[in-house]
Amino acid sequence: MRRSGNGTGRRKRRLETTKRVRLAERLATGLITAGGFGAVIAITLICAFLLAVALPLFRRAQASEPNEAPVAERAPRRVFPDEYGVLVAVLGQDWNLRVLAVESGQVLEEIEPFAGLSRPTAFSASVDGRSLAFGFEDGSVRTARIGFESSFPIADEVPAELVDVAGGRVVEFGNAIWQRTPEGKLRREALDFELGEPLQLDSASPVQRLSHLDDDGDQTFVVWTRDAGPLFVQAESTMNLFTGESETSLEERVLPYDRESDSAPPAQVLLTGTGREVLIVHGDGRAERIDARDPANATVAEVVDLTPEEGERLTSTTFLVGRSTLITGSDRGVIRAWFDAPREDGATPDGKALVEAHTMRGPNTPVVHLAASPRSRLIVATFGDGTVQAYHVTSESRLLELDATDIGSPFGARILPKEDHVLAFGSAGLKSWEVDFRSPEASFSSFFRPVWYETYPGPQHVWQSEGASDAFETKLGFVPLVYGTIKATFYSMLFGTPLALLAALFTSEFLDRRLRAPIKSSIEMMASLPSVVLGFLAGLVIAPFAQTALPAILAAIVTVPLALLLGAHLWQFLPTERRSAWSGWQRVVAMAAALPVGVLAAAWVGPGLERLFFAGSIELWLGGKGAHSIGAWGLLLLPVSVLLVTLVGGRGYAAFLARRGESWTRGRTARVDLLKLGVGLVATLGVAFGVGGLLEVSGFDPRGSLLDTYDPHNALLVGFVMGFAIIPIIYTLAEDALSSVPEHLRLASLGAGATPWQTAVRVVLPTATSGLFSAVMIGLGRAVGETMIVLMATGNTPIMEINPFSGFRTLSANIAVELPEAVQGSTHYRALFLAALVLFAMTFVLNTCAETVRIRFRKRSSRL
Amino acid sequence: MNELPGSILEPSGLFDAIHEGRSFDAVVHEATFDERSILEIEKLRLWYGSSQALFDISMLCPEGKVTALIGPSGCGKSTLLRCVNRMNDLIDTVRIEGQIRLSGQPILDSGTDVIELRKRIGMVFQKPNPFPMSIFENVVYSLRIDGERDRGLLEEVCEESLKGAGLWEEVKDRLESSALALSGGQQQRLCIARAIAAEPEVLLLDEPCSALDPIATGRVEDLIDELKGTYSILMVTHNMQQASRASDYTAFMYLGRLVEFGPTQDLFLQPRLKETEDYVTGRFG
Ligand SMILES: Nc1ncnc2c1ncn2[C@@H]1O[C@H](COP(=O)(O)OP(=O)(O)OP(=O)(O)O)[C@@H](O)[C@H]1O
Ligand SMILES: [Mg+2]
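In short, a report on the structure. As the structure is a computational prediction, the values presented were derived from the model and not from experiment.

Reading the values: the criteria
Residues numbered from 1 in each chain as written. Chains lettered and ligands numbered in written order. Predicted model: local features only at pLDDT ≥ 70, side-chain atom pairs only at ≥ 80, totals over all residues. Pairing = 2+ DSSP bridges. Helix = DSSP H or I, 4+ residues; strand = E, 2+ residues; numbered from the N terminus. Near = placed C-beta within 6 Å. Nonpolar A, V, L, I, M, F, W, Y, C, P; charged D, E, K, R; others polar. Axes fitted to C-alpha atoms, helices over the stretch in contact; angles between N-to-C directions. Contact = placed C-beta atoms within 7 Å. Expected span 1.5 Å × (residues − 1). Buried ≥ 20, exposed ≤ 12 C-beta atoms within 10 Å, placed from the backbone. Arc of directions from axis to C-beta.

Residues and elements named next belong to chain A. Pairing of strand 8 (residues 131-136) with strand 9 (residues 140-151) involves five bridges; the strand directions are antiparallel. Note on strand 9: the bridge partner recorded for L132 is A144. Linking two consecutive strands that pair antiparallel, namely strand 8 and strand 9, is a turn of three residues; a positive phi of about 80 degrees is found at G139 within it. Pairing of strand 9 with strand 13 (residues 199-200), which is carried by two bridges, proceeds in the antiparallel orientation. The residue bridging V141 from the neighbouring strand is L199, located in strand 13.

Written out as structure tokens, the structure is:
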């Protein structure tokens, strides 16, 4: 059986093999396809994830259906909402405080703070509405604190009468207001009002206008008194050690003021954020800005018109949180934001100017009331026609438009402390909305366009995500980070690419075959050096060294190549037999020897040049010391000059050699070559420094534009170290591309009498272009995404300067630094994800462009 | 050297001598001495590392004539050819003794300018190896590397060389198109055009027709015929017909030794060694 079936058996076996091969084939195809699709899907998913986190940044603000309630309150002086949007305290025209339930408008409690006292004549409140000040007829002032204290008493402490309070109902019981929260807990809220002791001013004249600043108990007032005009008052509390009571002493200073104007008090006196500046605002919009840094010698710094339009009248003002930005509203419905910006021209004694940084235009009816959020740069403006609009001041964007036309003539609106409610008051009622502003500071233009932030001289690209104070505004401009990324990439490519490509060319075309493999693998070993180590080296070793050896390093840029060139020219003087006998390792050694020679020369001439051109210290020179800039110009122009001289001179010299040099001996040619090097050097230096001198004479100084102050953790350093990180990648790929150029092309070229250099440049390089290009692009991709080195080697300051001696912050380093500290779901957090997306988009665009170019190269070379 | 009638040669035992490593004298026909030589190879020995590939080769290449190198595969023909323009320098392990003279000048000295030498001795390889450039740039490559920029001159040389290589008619309308788009035979003639554009004194052809079909081979052979006189040609071939048709002199090599060298006519019709006769008549082995 077996024997007879042998033939079929063999056929069967063969059939089985075919099946197995087919199965393997199908499996492999499936795996490869799955792998490919998997990669695509993974990238898509990552993108989708980044998008999902980042996109909510761009959602629009929302408001719920309003809740409306009638109130009997007529024209309150000020309303103080609680945190939950449930209660609101109102300071009425009669100076009494009433607590109302927002839902019903019902008065729950009334406090008479001034019972038995004379009524105030002036009043001021902080932005968050917690700190108040009152001025009186007798020339005294009193501060006060107001706020809702809320607590959740445990079951035993809840009064029996209240156990059955239904959810949502608000009741008054025992000096407090109780409410059942949606979670079922009982919350007790009590209005806490505490009036301070009177502080008697010396002038004893009626207080007509008042502004105060409460900085942790240190009180500063600006008071307008009927008889003495504006006073700057500082109150200092000292504890009496014997009695344990605190005594407050007042220091009053009369502020300068143009008394010729009418005797009526100004519309407002305002004390700005630091308490060192006073604004006296008049009804016609004129404002005196008084510099009170030294209260004893306060001066009027400038007079500004807060209503620049013809016939416009000021109707309302408020400070933004931090009190540095003043918001004004006019009868035309125009809202303006003003703050002090630096002013260079010296027109104001304090070097600042109150500028109109942002303008927002509402409906063409007067701005009745302005209120700022206590935690951010949101404002709500109430207009004469009853509309309420919420704005984000920095981005000038209108976030919400609410309709409060049905609650009588509008009085005003407020944003609650948590920014989750807006409360509007009218003569006939109050109205509240639950709102969600989302990320008001985030918009495409705030990420990518210059934004005018508080105290900046103008619109700028700024990234600054964390600040010390509550009033700090996060500045989320991506442009400095993109700029930093590009700068890091540029400098590292500038340093790394030529080195890597030339090294690849050298190993593949000129190096002894036996040395190739060890050199290649040792350069590839460089790639396995963790970038943390490189960053560490850069930040802690190279940076301090570079700072001390800066002149030598800059000189080395010139001397090392020069030493190599000189060495090559001297090599020509060797007898021909020597040269060919020494063409192996001896030549490599000779070339390597040029490096220390160049370095030594740099160390020798560097300090001298520093003395000659840079007033003895480059660092100080960069910082602005010394007037001459010819040395810096010379260095900056050197590359251009080298190119120019080699192009022009090289051509002329080649022609000259072709005409005259035929008959020369080797030695003579070598001498003439050396002479040419000398002449070329002199010409190069002459051109560079000549043009540099001309530039200096015509008044151009590179400092402030091309160059600026020296930071030891600078772009050059990063370029150098990151260059090291990308060299192995570019080198390996480039070397592969060059070695894969068919050997027979080299032989053909050499056989035709081309030198190895000509062969390399004319045949090998053009053939390998597409490979070299992708090597460079992959290096570029690595440089763009590199994180650790920049993180450790730069100061991570997100500034935008061309100056190679300054630091920067890259997108990737920024994400690494800030993501761990960003609150999940916050605008900052989402903005970092958006930054990741921007980085992704950058590399994607870069790679796509690179791939298209590479394919074109390849097509061209395969067509050829 | 005793002269024997062509048909009744006795085995000389020369191969045995070679196999046993004994030295012997190559049979060199007297007719070769009458020619003015351009290349003189003197006692050339070559080692690849420790293995010797050429043993005491001494021969002359007559000026303006075609000299063919024949011999079984691996006998050192290409090696010998590469010695002449010093392409062996590119191989690290090579060691050479002896001397080659080009018009009397020694070329194996370390003082020789190899680049200049290669400009005087053009080479065409076994496999067509045009550069990935346009036809025009391929032809004028040797002028380009000399820094020639005069477009008129370049075009003139290009046309002349292509005509010289018998390719002009086929490519004159597409000089700017890629050389890689040409057929194998055209590519090889392009390589010849590239070699003669440099106006070398000697042309080395290493099996120039091995990759070509009979018609293309015929063209190249005609071309060699036309080139001789202007150029001295040293050519390697495995094709006996080609050697007999195209060459004036033939050298038979065996295992790194020159065996017999003489006018092609004589070597093919009246060889002095039985071994040569066997080889040229295909009875070898
Ligand atoms: N680069 C090299 N390294 C080491 N040995 C080599 C090298 N090139 C050739 N050889 C050896 O030298 C000897 C002669 O080779 P060569 O290429 O000259 O032969 P050939 O006569 O041209 O052969 P063919 O007719 O097959 O082309 C052979 O034994 C070969 O193995
Ligand atoms: Mg060969």
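Residue and element names in this part refer to chain B. Lining the immediate environment of ligand 1, one finds Y48, A53, S73, G74, C75, G76, K77, S78, T79 and I91. Looking at which element gives the most residues to the shell around ligand 1, the answer is helix 2 (residues 77-84), with three residues. Looking at side-chain class alone, the shell around ligand 1 contains four nonpolar, five polar and one charged residues.

What follows deals with the sheet that holds strand 26 (residues 367-372) of chain A. All names here are of chain A. Spatially, four strands are ordered 26-27-28-29 in an open sheet, and the strand pairing comes out antiparallel. In this open sheet, the two strands that pair with only one neighbour each are strand 26 and strand 29 (397-403). Direction aside, the axes of adjacent strands within the sheet are offset by 20 degrees on average. Where strand 26 meets strand 27 (residues 378-383), five bridges bridge the pair, whose relative direction is antiparallel. Looking at the pairing, H369 lines up with T382 of strand 27.

With that settled, consider the interface of chain A and chain B. Taken together, the contact between chain A and chain B spans 26 residues of the former and 24 residues of the latter. Secondary structure elements with two or more residues in the side of chain A that touches chain B: helix 4 (513-527), helix 7 (576-581), helix 10 (630-660), helix 13 (743-751), helix 14 (756-767) and helix 18 (827-863) of chain A. Counting residues per element, the side of chain A that touches chain B draws most heavily on helix 13 of chain A, which supplies six residues.

With that settled, the discussion passes to helix 6 (residues 151-164) of chain B. Residue and element names in this part refer to chain B. Along its 14 residues, helix 6 runs 20 Å from first to last C-alpha, staying within 8% of the 20 Å computed at 1.5 Å per residue. Here helix 6 has its buried residues at V157, C158, S161 and L162. Here the buried residues of helix 6 occupy an arc of 125 degrees about the axis, which is enough to place them on one side. The exposed residues of helix 6 that point more than 90 degrees off its buried face are G152, L153 and E156. Looking at the buried side of helix 6, the elements it contacts are helix 4 (135-139), helix 5 (141-145), helix 7 (168-171) and helix 8 (184-197). Directly after helix 6, the chain includes G166, whose backbone phi takes a positive value near 65 degrees.

These results come straight from atomic positions and should not be treated as a statement about function.
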